[in-house]
Amino acid sequence: MKTLDNALEVRRKLYGAFERAETATDPAERSAWLTFALVGAGPTGVELAGQIREIATKTLAREFSSIDPGEARVLLFDGADAVLGAFGPVLSRRVARTLRDLGVEVHLGSIATQVDEHGLTVRRHDGGTDRFEARTVLWTAGVEAPPIAAALARATGADQDRAGRIKVQPDLTIPGHPAIRVVGDLMSLDELPGMAEVAMQSGAYAGRRIRHELEGRRRVSPPFRYLDMGSAAYISRGRAVVKMGRFHASGVPGWLIWLFIHIVFLTGFRSRIGALLSWAVVFASGSRRERAFISADTPSAGPVAPPGAPADPPDVRPDPPRPA
């Protein structure tokens, strides 16, 4: 989810799956629509898994007549041996326990080898394979660098990592091209993750270096050093985990810290107050107002004529008479 459009597309698929399940007459097809598979048990996968179960059991609990949304299966796959491995073994075990309490089926040591419109196939550590029928599969195991990275590598001869990111020097420049700096999740340096905090700090560093050069400062600037501000992952209402150095928090305390962090980083006083009030309503009542979506395969204005059919004549009816 790099853009707002990506997030809206995910929401469309989630809510659309419940609508498809409501109209399905075949039990197997209905079950497939009510099965959601997520590949990758990092922060994004864990947060989405918890949110889907919360939507199914609370938000949509009494919204349908033919299905019980609470029966929705949420499958979380990861090739590692723990969820949120970067948070340490203690928090990882707590998160896994919380997910299972929510009804999420955690499949560790499972690598997705094939995904199609009907589901996915995963390979276990023992070499065996399992097939899962799921009409909604969400990839939460990271993304490749955008095409501009490959174009830049070809033009400059820069090396790329496995995800296609540009390998940079400690000052964020490309070897042999001191005028080009690469930041954010487009750069590869010291195995830093593609997170917003890395992008913010690297962008600020590059901006300072450029400003110093334009001002004619000759002092040698230190190399870029990432200051780890910690990590936080939201699971469900009242449940989150936070890791800041040696400080760990989970459950309600972790959730409150997570809320505080996200409100603080919003821009503008009105945005913070608005978010605080809207979130308070959601957390207190469990309702979600923003649930509108448009199905991609639904025509937006009337039926579509078959290929080669003559176009409809234009509507030339006069406007209705207006009262004097």
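Residues numbered from 1 in each chain as written. Predicted model: local features only at pLDDT ≥ 70, side-chain atom pairs only at ≥ 80, totals over all residues. Heavy atoms only, no water.

### Some points on the pattern of salt bridges
The cut-off we apply is this: Salt bridges, as used here, are contacts in which a Lys or Arg side-chain nitrogen is within 4 Å of a carboxyl oxygen on Asp or Glu. Whether a residue is buried, partly exposed or exposed follows from its accessible area with a 1.4 Å probe, protein chains only, as a fraction of its type maximum: under 20%, in between, or over 50%, in that order. What counts as a helix is a DSSP run of H or I of at least four residues, what counts as a strand is a run of E of at least two, and both are numbered from the N terminus.
The final tally for this structure, using the stated rule, is 10 salt bridges. Between Asp161 and Arg165 there is a salt bridge, with the nearest N and O atoms lying 2.9 Å from each other. According to the relative accessible area criterion, Asp161 is buried, its value standing at 18%. Residue classification places Arg165 among the buried positions, given a relative accessible area of 15%. The salt bridge partner of Arg181 is Glu213, with a shortest N-O separation of 3.0 Å. Separated by 32 residues along the polypeptide, Arg181 in strand β10 (residues 177-181) and Glu213 in helix α6 (residues 196-214) bring together distant segments of the chain.

### Some words on the sheet that holds strand β4 (residues 110-116)
To keep things clear, this is the line we draw: DSSP-based pairing: two strands are paired if at least 2 bridges between them are found. Angular values range over 0 to 180 degrees, each being the angle between N-to-C directions of two axes fitted as lines to C-alpha atoms, with helices fitted over their stretch in contact.
With antiparallel pairing, three strands are arranged side by side in an open sheet as β4-β5-β6. Two strands bound the open sheet, and with one partner strand each, they are β4 and β6 (129-133). The sheet shows a mean angle of 25° between the axes of neighbouring strands, taken without regard to direction. For strand β5 (residues 119-124) and β6, the ladder comprises five bridges, and the chain directions are antiparallel. Of the residues in β6, the one forming a bridge with Val122 is Asp130.

### Let's talk about the nonpolar core
Cut-off, in case you're wondering: Only buried residues count toward a nonpolar core, which is a set of Ala, Val, Leu, Ile, Met, Phe, Trp, Tyr and Cys residues joined through side-chain atoms within 4.5 Å. Throughout, a residue-residue contact means that at least one pair of heavy atoms, one from each residue, lies within 4.5 Å.
Ranked by size, the top nonpolar core spans 37 residues in total, and within it Phe18, Leu38, Val46, Leu76, Val83, Val95 and Leu99 carry the most contacts. Secondary-structure elements contributing two or more residues to this core are α1 (4-23), β1 (35-39), α3 (43-59), β2 (73-78), α4 (89-102), β3 (104-108) and β12 (231-236). Filtering out sequence-adjacent residues up to four positions away, Leu76 remains in contact with Leu38, Gly40, Ala41, Gly45, Val46, Val83, Leu99, Val104, Glu105, Val106 and His107. In this structure, Leu172, Leu186, Leu192 and Phe224 belong to the second largest nonpolar core, which totals 16 residues.

### Remarks on the packing of α3 against α4
We apply this condition: Angle categories are assigned with fixed cut-offs, so that under 35 degrees is roughly parallel, over 145 is roughly antiparallel, 65 to 115 is roughly perpendicular, and the rest are oblique. A crossing counts as left-handed when the near helix is turned anticlockwise from the far one by less than a right angle, and as right-handed when that turn is clockwise.
Where α3 contacts α4, the axes come no closer than 10 Å and their chain directions differ by 25°. Compared by their axis directions, α3 and α4 come out roughly parallel. When you trace α3 past α4, the crossing you get is left-handed. Where α3 abuts α4, its residues Val46, Ala49, Gly50 and Arg53 lie against Val95, Leu99 and Leu102.

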